[in-house]
Amino acid sequence: MGCGSGPGGMVPRSVLIVVIAVTQSCPHAFVLHLTVLTRPAAAPPTAITDMLEGKRSAFSIVSLKAKKSFFSSFSSAASASAVLDPFLPATSNKRSAFSIVSLKAKKSFFSSFSSAASASAVLDPFLPATESAAQGTTFSPAPLQPRSFVSALVRCRSPAEIKKVHALATTAAMIDNLGVANKHVYIYAQHGALADAYALFSRMKERDNVSWSVIVGGFAKVGDYANCMQTFRDFVRSGLRIDNFTLPFVLRACRDTMSLGLGVEIHHLVLKAGLQSDFFVSAALVDMYARCGDVEDARKVFDRMPKRDMVTWTVMMSGYAECGNPKESLALFDRMRGEGVVPDKVTTVTVAFACAKLGVMHKAKMIFDYISSLNFSLNVILGTALIDMYAKCGSADDAREIFDRMKDRNVITWSSMMSAYGIHGRGREALELFPLMLQSGIRPSRITFVSILSACSHAGLVDEGRQFFHLMERDYSIKPDVKHYTCMVDLLGRAGKLYEALELSEKVTLEKDEGFWGALLGACRIHGNAVLAEKAAKSLLELRPRNSGYYVLLSNIYANAGRWEDVAEVRDLMASRSLRKTPGWTWIEINNETHRFGVGDKSHPQSKEIYETLKVLIEKLESAGYVPDTNFVLHDIDEELKAGFLYTHSEKLAIAFGLFATPESTTLRITKNLRVCGDCHTFIKLASSVMHREIIVRDAHRFHHFNRGGSCSCRDYW
């Protein structure tokens, strides 16, 4: 304590006075009021009473350490009062203000702060600024005003500091001020202290729309969607008019919980309140509908919006891409640019994702050129999205070029590049990336091993797959999950090791998902094992009874085995459940346009030329040794009809169109929504050799690169 000698003995030059009270509602906090008592003194200031030049808050005059030391120097409350009482006004009951609470409470108060800065953050707003030391002031408490509490709350860095301000507001009866109470609830929520926020909210005598918006938004922010929605219901019942602050929060909760039904009900409230034209509410509705898979209603709201921001455009494009309509997503991107809206990086990532879904190379190049014109740097997120886009549009080399240009790469980037090589049948190159990743300091993750094992499966690298499967737990402490087991079952099953795959599946203690049984059923189809297929199909149909693809796959296995009665039984089961087989479609890119064909399709404007070209092509291929494999016609009909049916598969029609619609030596790029059949695979190998064309086919599982030598990148392993 700073003391100087003078007439009458020890006279402090400047003493920090703290008036402390313990409230019943907040016993953990002690501060009530601070002020400064300054008196001129002849002696120089000490560490406690240093006055800094210029305007400084009273509490920041000395360090926290000095304050703690100051109170610790007293052995009892009596000794502290003996020194300080002469400078304090007496209270109504003739007790000094400083003696209201014990010395222990005073020490506890200052000890609760971790630093002087944190103490100052809470207390400074309540203290009057002081002038230089030469200007003495008389004892004058700082007035307590709502803005002082708001300022103090903004500076709080933890719930503990908020509670100290809350205690002061309660003692000063300022917590009854609606603005102060709302700010308390908001700051509690910002720091994730929802229990404290809701406790205060529930005790508030008066609430307005801000109060409800803050607490609903707080629950939404921490993911407590049940309380978010329940509180919103209470808000609606309160009689207050819903507004554009609260609605976006509860719509976000509907989005994140996929509660489309509740979202529709809230949309009705929006219409009733006349807020359908509000920008923030409309944007939240578009987001909710799109993420819940209802792109039609999302588009209706989107089209009615008087204005749209970048986020709304991006959400709508993402919704189309996620719901299997990437073509419309890219059409929206073109429309957005036509309206003069310049996309940001998030939007370009979404567009790259949509293009990857569509698998159209000329669109991929256009998007990359546009992104380059914006001078966007290839950060981790954008670069990884472009790697995925090029890989799924048919060019692992372009994907690798993007990968090599990136300055920063994370584990997702490395895993995406490995996956890119995998789906193109370049498993060895995928494995070569693994040691390079380790050398760069990146540790593999679960996703990395899924990419590696999948690459091994596509390339038939059984021994390498086994090695990586075992080292992931041994060397990296990553316990295999159902996705890793699925990759191993797929790898073993494709290689003909069905019983090893079954043995592995029986060892799996994890819950087997759709992908796991689908991999096993696919392996059974490749190798014609109807007995094991029935076991896998039964499990699949229990998981996904509405997926027609599994019924068709089982039916095809029965058909290959000549079990036509079982085929009929499966098809009757499909009919009874109103399930239809997914039709096969093939798309081909010609002059930056995409053309679609179905089996036996004659709807194309150049259908006559297509069938004439196909006839000539078949004759050339038959001269080269092509014989239709009628085992892939899964109908109980004669061989001649089966051959005729095979000749009009959609892949063959698309290739015939590409041959006469493009110059010689042009690479043909086609996409099939289902797995390419064995007969078409043989047909395309011979066509690429006889016609001297490179043909790239993307089917439902992988890419097939047919070179002019008549071989495929899959090595007939798909």
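Because the structure is a prediction, the values reported are computed rather than measured.

## Some thoughts on the overall build of the protein
- For the protein, the count of helices and strands is 34 helices and 11 strands.
- Scored against the burial criterion, the 718 residues of the protein give a buried share of 50%.
- Taking the intrachain contacts of the protein between residues at least 6 apart in sequence as the baseline, contacts between residues at least 24 apart amount to 64%.
- In the structure as shown, the protein presents an accessible area of about 33,400 Å², 53% of it carried by carbon and sulfur atoms.

## Structural notes on helix α30 (residues 564-576)
- Its 13 residues give α30 an end-to-end C-alpha distance of 18 Å, which sits within 8% of 18 Å, the value for a rise of 1.5 Å per residue.
- Here α30 has its buried residues at V567, V570 and M574. All buried residues of α30 fall inside an arc of 65° around its axis, so they share one side. Of the residues in α30, the exposed ones pointing more than 90 degrees away from the buried face are E565, E569, D572, A575 and S576.
- On its buried face, α30 is in contact with α29 (548-560).
- Just beyond α30, the residue with positive phi is S578, at close to 55°.

## Describing the environment of V154
- Turning to its location among the elements, V154 is positioned in helix α5 (residues 146-155).
- For V154, a relative accessible area of 54% puts it in the exposed group.
- Along the sequence, V154 and Y186 sit 32 residues apart, while their C-alpha atoms lie 10.0 Å from each other.

## What to know about the UniProt feature "repeat: PPR" (unreviewed entry) in the protein
- Taking the UniProt record as the reference, the feature "repeat: PPR" (unreviewed entry) is found at residues 208-242, 278-308, 309-343, 379-409 and 410-444.
- Between the first and last C-alpha atoms of residues 379-409 the distance is 8 Å; the span itself is 74% helix and 0% strand.
- Strand forms 0% of residues 410-444 and helix 74%; the C-alpha atoms that close the span are 10 Å apart.

What counts, and at which threshold
Residues numbered from 1 in each chain as written. Predicted model: local features only at pLDDT ≥ 70, side-chain atom pairs only at ≥ 80, totals over all residues. Heavy atoms only, no water. Helix = DSSP H or I, 4+ residues; strand = E, 2+ residues; numbered from the N terminus. Buried < 20%, exposed > 50% of the residue type's maximum accessible area, 1.4 Å probe, protein only. Contact = heavy atoms within 4.5 Å. Areas by Shrake-Rupley, 256 points an atom, 1.4 Å probe, with all protein chains shown as cover. Expected span 1.5 Å × (residues − 1). Arc of directions from axis to C-beta. UniProt positions renumbered as here; feature names shortened; annotations may be inferred.

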